[in-house]
Amino acid sequence: MIALNDLKRASSDEGGRVTEAAQRVLASGWYVLGPEVVAFERRFADYCGVEQAVGVGNGTDALELAFRALGLRPGDGIAMVANAGMYAATAARAAGCEPVFCDIRDDSMLLDPHALSAIDAGSVKAVVVTHLYGLLADMPAILEIARRRGWYVIEDCAQAHGAAREGRRAGGWGDLAAFSFYPTKNLGASGDGGAVLGSDTDLMAAVRALRQYGWSDKYHVGRSGGRNSRLDELQAAILTERLVDLDRNNARRRAIADRYASALTRSSIRMQPADGEAHVHHLCVLRTDRRDALREHLHGRGVATDIHYPCPDHRQTMWSGLYDQVHLPVTERACRQLVTVPCHPWLREDEIEQVADALATFQ
Ligand SMILES: *Cc1c(COP(=O)(O)O)cnc(C)c1O
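These figures come from a predicted structure and were not determined experimentally. (Residues numbered from 1 in each chain as written. Predicted model: local features only at pLDDT ≥ 70, side-chain atom pairs only at ≥ 80, totals over all residues. Heavy atoms only, no water.)

Re the site of the ligand
Taken together, Asn58, Gly59, Thr60, Tyr87, Thr130, Asp156, Ala158, Gln159, Ser180 and Lys185 make up the full set of residues near the ligand. Contact between the ligand and Asp156: a nitrogen atom at 2.7 Å from a side-chain N or O atom of the residue. Per-class residue counts for the shell around the ligand are two nonpolar, six polar and two charged. (Near = heavy atom within 4 Å. Polar contact = N/O pair within 3.5 Å; in protein donor to acceptor, adjacent residues only side chain to side chain. Nonpolar A, V, L, I, M, F, W, Y, C, P; charged D, E, K, R; others polar.)

So this is what it looks like as structure tokens:
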């Protein structure tokens, strides 16, 4: 079976570099918030074209700490899509804020600027823009709406490390950006990790304090809402090594997605539009009205599939019906059509051809 991910292959592809970095940290005797974290934060901020990065425990914490740093308060509304795995909604609830779900565009499956400008603004103070599956959202249009309404913009870049349009990378558009380095992400650690990125000195100082108990200085708590969410030295050292390969791996993902697109030219199966550098294909997500049949066909030809994500956020049982009156027709239809196929950078050519053939022969 061709799997959606194969991190063992990724590891052997890296040779000894990552192991050496890990050994260097183990021998150093410094394991949390040390020189490796500082070095990675610098490199990753430079890579994304922002002033600063602050390493945190994971991507969900990165979103929550970004909300807190912006001063969002319990009861404040945060606009977001409902097809992005519930991460932003979880972070919003952790900060006491209320998700205000917004529909997506049918072609890109990303936040629809028209739907955003039509929401009942009420308590809304911010918008989360998720660059879902690796595709950079329509930031100029969204920024314009947000600026007009006085909303903060937080980019969720957990699936879009390195995606760029007109030379501007994911993370370089909003007030703050959240990244995850969960192992399967385009830039993945060997455990959990995340970062908040931004260029505003005060906001970034707030994030830095909030990730460590709200400290203004060691043992002096200057800021409320703080907690412990730190990136460790081992993960930072590993991420520094892997950052070097990010562009190459993203190019590989692009080539694989292009190959699948060419196999689908005469098919009723749709793909998210390829968009040059703006798409880093974290996931290759197809859409069909005959999902069960397609999955069965692919499985029969040795191709694993999954669904990202099977339940839209506003229909999760945890809400106990809170959003029952919210209808997002494009999101809900897309959700019934989604199928994810393997497109990780360590697929072999024969496997890529096997997936492409399986897609081309679906009737
Ligand atoms: C993975 C992911 C997150 C959460 O990251 P964690 O590190 O798992 O907390 C947030 N948003 C999106 C879009 C993701 O894919």
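Remarks on the pattern of salt bridges
Taken as a whole, this structure holds 29 salt bridges when the rule is applied. We note a salt bridge from Arg259 to Glu353, for which the minimum N-O separation is 2.8 Å. Taken together, the residues span a long stretch of sequence, with Arg259 in helix 10 (residues 246-263) and Glu353 in helix 13 (residues 349-360) at a distance of 94 residues. For Arg259, a relative accessible area of 27% puts it in the partly exposed group. Accessibility expressed as a relative area gives 30% for Glu353, which makes it partly exposed. Among the charged side chains, a salt-bridge network with shared partners connects Asp6, Arg9, Arg348, Asp350 and Glu351. (Salt bridge = Lys/Arg side-chain N within 4 Å of Asp/Glu carboxyl O. Helix = DSSP H or I, 4+ residues; strand = E, 2+ residues; numbered from the N terminus. Buried < 20%, exposed > 50% of the residue type's maximum accessible area, 1.4 Å probe, protein only.)

Focus on the sheet that holds strand 12 (residues 270-271)
Here three strands make up an open sheet; going across it, the order is 12-13-14 and the pairing antiparallel. At either margin of the open sheet sits one strand with a lone partner, and together these are strand 12 and strand 14 (338-341). Of the pairings in the sheet, the one linking strand 12 to strand 13 (residues 284-287) comprises two bridges and is antiparallel in character. Residue Met271 lies in a different strand from strand 13, and its bridge partner there is Leu286. (Pairing = 2+ DSSP bridges.)

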